[in-house]
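An overview of the molecular structure
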Amino acid sequence: MSPEILKAAFADNLNFAVGRPAEIATPEDWYQAIAFSVRDRIMHRWVRQFEKRNAPDVRQVAYLSAEFLPGPHLGNSLLNLGITDNARKALAGQDLDLYIGLEEEPGLGNGGLGRLAACYLDSLATLCYPATGYGIRYEFGIFDQSIKDGWQVEVTDKWLLPGNIWEIKRPNFAQVVKIGGHTETYTDEHGAFRVRWIPDRVVVGVPYDTPIVGYLSDSCVLLRLWSAEAAQSFDFADFNRGDYYGAVEEKVFSENISKVLYPNDEQLEGKRLRLEQQYFFVACSIKDMIRLCLRRGSTLERFHEMFCVQLNDTHPAIAVAELMRQLVDKYAMPWERAWDITRRTFSYTNHTLMPEALEKWPLPLFGSVLPRHLEIIYEINRRFLDEVRTRFPGDEGKIARLSIIDESGEKYVRMANLAMVGSHTVNGVAALHSELVKTQLFPDFHDLDPKRFQNVTNGVTPRRFLGLSNPGLTRLIDGRIGDSWLSNLDRLRELEAFAGDVGFQQDWMRVKLENKTRLARIIRDRTGVVVDPSSLFDIQVKRIHEYKRQHLNVLHIITLYQRIKHDPRLQITPRTFLFGGKAAPGYFMAKLIIKLINSVAETVNQDPAVRDLIKVVFLPDYNVKHAQNIYPAADLSEQISTAGKEASGTGNMKLSLNGALTIGTLDGANVEIREEVGAENFFLFGLTCEQAARLRAGGYNPGDYCHGDPELRGVIELIDSGLFSHGDRDLFRPITAHLLERDDYLLMADYRPYVNCQQEVDHAYRDRHHWTRMSILNVARMGKFSSDRAVREYADNIWKLKPFAPEA
Ligand code: T68
């Protein structure tokens, strides 16, 4: 696409779509005109694919996810269409990056799980797989975070306020969803016993479609997000009676369902509205698939041949019961046949072992929202447990553990068990995690059917997280090995040949320094803190959680602070510690950790005795957009979760892909990253997950570690002294008391190995050529962690899906 054609398109869209002549157009107007022009080109591809996608023998994947975190679209779409340079030329003199930066972030997810879904859409499109992502069009996504007096303050996200050019509303494909009420039995015209569901509410789901274009692939996938609206016919009666507010209330009530994203990661909030959200988008999506299946002239007997459905964690697991309900109640299919189709349709990805994140719904709540589904689940469970009884007679403990219904006390519906029973495959998201899924989470299911368990190690898209985020490094790599690596990440291996090349190392260091200088400017503008781009950038960005151990990082910072104070001539490698991440609004300890980071930052940054050797920064409002400026500037990536707690991590991959070295535990995908980049290029410390288990089993006493290590004791005492809290000795006591008394995440045990390992980092960074060599090797060996590899594994091993043939 030539610059001339693009220039004409921008002008046309500025005139006809935005309606603002160039003379008075604001940067926002230009952003819109460019975005419309790019969307036109994507739609062109979308329309061209129509025939292919709807051919009778095409099987497609539906990726069901309550969260998608795509990040701003414009920059990435320009990159994927291969027209960034020409767009720049077309804008002669204007600042394309300024316009790209104006786009609001669609924050429709909490963290890793939602971002993974977005990476997979990018890869599905790039690799030309037929795919749809189904989710919820939250009016308010994840909150914006601001920091007041060191504390997190949540500000409502209003991503839709300026309008959203990338979505197209499709009212003609709206679906009606029932909620609540009761069931009745009746006999149909053939004398068969049937059940009908009489709801006490209905809402309408209206789809909004966003096409996601692949990288230089001519292919698109669809992101179809459902928005809840009131069923019009319902309020007319009230309206005619003059009950205006009654009618509006109904509308408000219905629209509530897709109003706001629950901001909890790794913590279940058993709220009715959350269950309604889950059912709402699942019911709309299943009905949409049935519609498409029938429209293509297929019978529902072949549903599983037309669609494979991936459950992104248990949030959409109710789909198992919903497909059964549709097939049995609506389409009068015999139970056995419907169950066979259902089992062949679904597969389930588990993303967590944390007990507090495993979804379970109190039975009365579940029954009052989804009375028919509860009956269906009971029937699924009855048949399933009968099978189990014949295989393991008399093992009532096993029966109780496998049951979809938890009856150990108050009764619950266990969504993970429903997903397990209703799927042909379950996978974990890193090799270690997948082992733990078998041995710790679902050992009884594993006994029953070990073949059902697989691993697909997560991956990230190199397009957004290197090509788009790090143009300097991208150019440098292109210059040495050509540009095909962006769609074949294994080719980065060719960089190994240059790892020892001094000229290349210098270029590599120059790019890193430029990226750090840019981030330093952003830090100054957003926080007022001045940091030195030549210092070691030590970065921990991710959700704030005790298991992720941001506070272990803080203990190290205070250790250095203490050492500098004790020895005014101490020489250490100057470091900038950067933190970013949101805490769930109701998670007290996580919020207190943010306050601790900011309090330590305030003290350390202002203390002249520190001689600027260390700087501590908390960059507010960590999101995809900000992440893109942070990853390229990292020297050191902190991946320090307690072993066995982080399912995979994906930030670890993005940072390493941008040339950061990792300091980390043997947890999640760290294990595989270390295997790939080589143990000598990775800073390993800490307990393994077996050691952690043994330590806990033997009666862990965190206080012993503290008392046995004067430096650690000094750190804890310094926090408790009120030095970081204007003399308030109690402020951080919940953190220190927990560390000394319980320490669920074993910080005390891992402190000394961590601090020692950080000392190795300090020394290693002084040899800049060696460090740079390690950095180059990290990048060169990251091929495995492309989401292209991950998506191919899903397609080959789980979905049995074939890509479209390339365009003739
Ligand atoms: C993350 N999970 C894992 N959950 O923590 C991370 N949870 O190790 C992994 O790399 C990533 O998933 C992708 O597999 C989450 O991000 C959530 O965000 C979440 C949201 C709602 C409810 C529960």
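Here the structure is a predicted model, which is why all the values come from computation and not from measurement. (Residues numbered from 1 in each chain as written. Predicted model: local features only at pLDDT ≥ 70, side-chain atom pairs only at ≥ 80, totals over all residues. Heavy atoms only, no water.)

**Here we look at the packing of aromatic side chains**
Within a pair of aromatic rings, the relevant descriptors are the distance that separates the centres and the angle that separates the planes. Our working definition: By convention, a stacked pair of Phe, Tyr or Trp rings (six-membered ring in the case of Trp) has centres within 6.5 Å and planes under 30 degrees apart, an edge-to-face pair has planes over 60 apart, and any other such pair is tilted. Starting at the N terminus, helices and strands are each numbered in turn, a helix being any DSSP run of H or I of at least four residues and a strand any DSSP run of E of at least two. Exposure is judged per residue with a 1.4 Å probe applied to protein chains only, and the accessible area is read against the type maximum: over 50% gives exposed, under 20% gives buried, and values in between give partly exposed. As a reminder, the over-ring test applies to NZ of lysine and CZ of arginine, requiring each to be within 6 Å of the ring centre and within 35 degrees of the ring normal.
One pass over the structure, following the stated rule, counts 18 aromatic pairs. Consider the rings of Tyr 134 and Trp 226, whose centres lie 6.5 Å apart with planes at 10°: the pair is stacked. Placement of the pair is Tyr 134 in strand S2 (residues 131-136) and Trp 226 in strand S10 (residues 220-230), with a sequence separation of 92 residues. There is no split in this pair, since Tyr 134 and Trp 226 are both buried. Pairwise contacts between aromatic rings join Tyr 63, Tyr 120, Tyr 794 and Trp 799 into one cluster. It is Arg 291 that lies over the ring of Phe 173; its NZ or CZ is 4.0 Å from the centre.

**Concerning the domain arrangement of the protein**
Operational definition: What marks off one domain from the next here is an automatic or database domain assignment. For this analysis, residues touch if any pair of their heavy atoms sits within 4.5 Å. Buried area adds together the accessible area that both of two parts lose upon being put together, with accessible area traced by a 1.4 Å probe.
Along its sequence, the protein is organised into domain 1 (49-71 + 106-423) and domain 2 (462-791). Taking only C-alpha atoms, the centre of domain 1 and the centre of domain 2 are 36 Å apart. With 35 residues of domain 1 at the contact, the number on the domain 2 side is 35 residues. Buried area between domain 1 and domain 2, summed over both chains or domains, comes out near 2,900 Å², and the portion from carbon and sulfur atoms is 59%. Contact with domain 2 buries area across many residues of domain 1, yet Gln 145, Trp 151 and Tyr 215 alone supply 21% of it, more than any other trio.

**Describing the nonpolar core**
As a reminder, the rule being used: To define a nonpolar core, start from buried Ala, Val, Leu, Ile, Met, Phe, Trp, Tyr and Cys residues and group those joined through side-chain atoms within 4.5 Å.
If you look at the biggest cluster of nonpolar residues, it comprises 165 residues, and the most contacted ones within it are Leu 64, Phe 366, Ile 380, Ile 477, Leu 495, Leu 519 and Trp 799. Here this core spans two domains, since at least three of its residues come from each of domain 1 (49-71 + 106-423) and domain 2 (462-791). The residues touching Phe 366, leaving out its near neighbours within four places in the chain, are Leu 275, Ile 318, Trp 361, Pro 371, His 373, Leu 374, Ile 377, Val 413 and Met 415. Counting residues in each nonpolar core, the second largest holds 67 residues, with Leu 536, Ile 663, Ala 749 and Tyr 751 among its members.

**Digging into the pairing of strand S1 (residues 60-64)**
Cut-off, in case you're wondering: Strand pairing is defined by DSSP finding a minimum of two bridges between the two strands.
Burial runs high along S1: 5 of the 5 residues are buried. Residues of S1 alternate between two faces, with Gln 60, Ala 62 and Leu 64 on one and Val 61 and Tyr 63 on the opposite face, all of them buried. Sheet topology places S1 next to strand S11 (residues 307-312); 5 bridges connect them, and they run parallel. Within S11, the residue paired with Ala 62 across the bridge is Val 309.

**Quick word on empty space enclosed by the protein**
Heads up, the condition is: Note on definitions: the grid is 1 Å and covers protein atoms alone; a cavity is a set of points where a 1.4 Å probe fits but cannot get out; a pocket is an open set with protein on both sides within 12 Å along at least five of seven lines; lining residues have an atom within 4 Å of a point. Grid points are joined across faces, edges and corners, and a volume is the space filled by probe spheres set on the points. Amino acid classes used here: Ala, Val, Leu, Ile, Met, Phe, Trp, Tyr, Cys and Pro are nonpolar; Asp, Glu, Lys and Arg are charged; the rest, including Gly, are polar.
For the coordinates displayed, the defined rule picks out 6 cavities of 30 Å³ or more. What the largest cavity holds in volume is close to 150 Å³. Lining the largest cavity are 15 residues, with Pro 70, His 73, Asn 76, Ile 212 and Arg 464 positioned closest to its centre. Of all elements in the fold, only helix H4 (74-81), helix H7 (112-126) and strand S9 (201-213) reach the threshold of two or more residues within the lining of the largest cavity. The element best represented in the lining of the largest cavity is H7, accounting for 4 residues. Tallied by class, residues from the lining of the largest cavity come to 7 nonpolar, 5 polar and 3 charged. What the second largest cavity holds in volume is close to 100 Å³. Every residue lining the second largest cavity is counted, 13 residues in all, and those nearest its centre are His 73, Trp 159, Asn 164, Thr 210 and Leu 225.

**Focus: the packing of helix H23 (residues 550-566) against helix H30 (residues 710-720)**
Filter applied, for reference: Here an angle of 0 to 180 degrees is reported between the N-to-C directions of two axes, which are lines fitted to C-alpha atoms, with helices fitted over the stretch in contact. An angle counts as roughly parallel when it lies under 35 degrees, as roughly antiparallel when it exceeds 145, as roughly perpendicular when it falls between 65 and 115, and as oblique in every other case.
One can describe the packing of H23 onto H30 by two numbers: an axis separation of 9 Å at closest approach and a directional angle of 100°. Between H23 and H30, the interaxial angle falls into the category roughly perpendicular. For the pair formed by H23 and H30, the contact residues are Leu 555, Ile 558, Thr 559, Tyr 561, Gln 562 and Arg 563 on the first element and Glu 711, Leu 712, Gly 714, Val 715, Ile 716, Leu 718 and Ile 719 on the second. Residue composition of the contact of H23 with H30, grouped by class: 8 nonpolar, 3 polar and 2 charged.

**Some thoughts on the site of the ligand**
Note the threshold: Being near a molecule or strand, for a residue, means having at least one of its heavy atoms within 4 Å of it. Polar contact is the term for a pair of N or O atoms within 3.5 Å; when the atoms are in protein, one must be able to donate a hydrogen and the other to accept it, and sequence-neighboring residues count only if both atoms are side-chain atoms. Throughout, the Shrake-Rupley method with a 1.4 Å probe supplies accessible areas, and for residues the shown protein chains are the sole cover considered.
Surrounding the ligand, one finds 19 residues, the nearest of these being Glu 266, His 351, Asn 458, Glu 646 and Gly 649. Asn 458 places a polar side-chain atom, nitrogen or oxygen, 2.8 Å from an oxygen atom of the ligand. Note that an oxygen atom of the ligand is positioned 3.0 Å from one of the backbone N or O atoms of Ser 648. Burial of the ligand by the protein chains amounts to 93% of its free accessible area of 510 Å². If one sorts the elements of the shell around the ligand by residue count, H7 sits on top with 3 residues.

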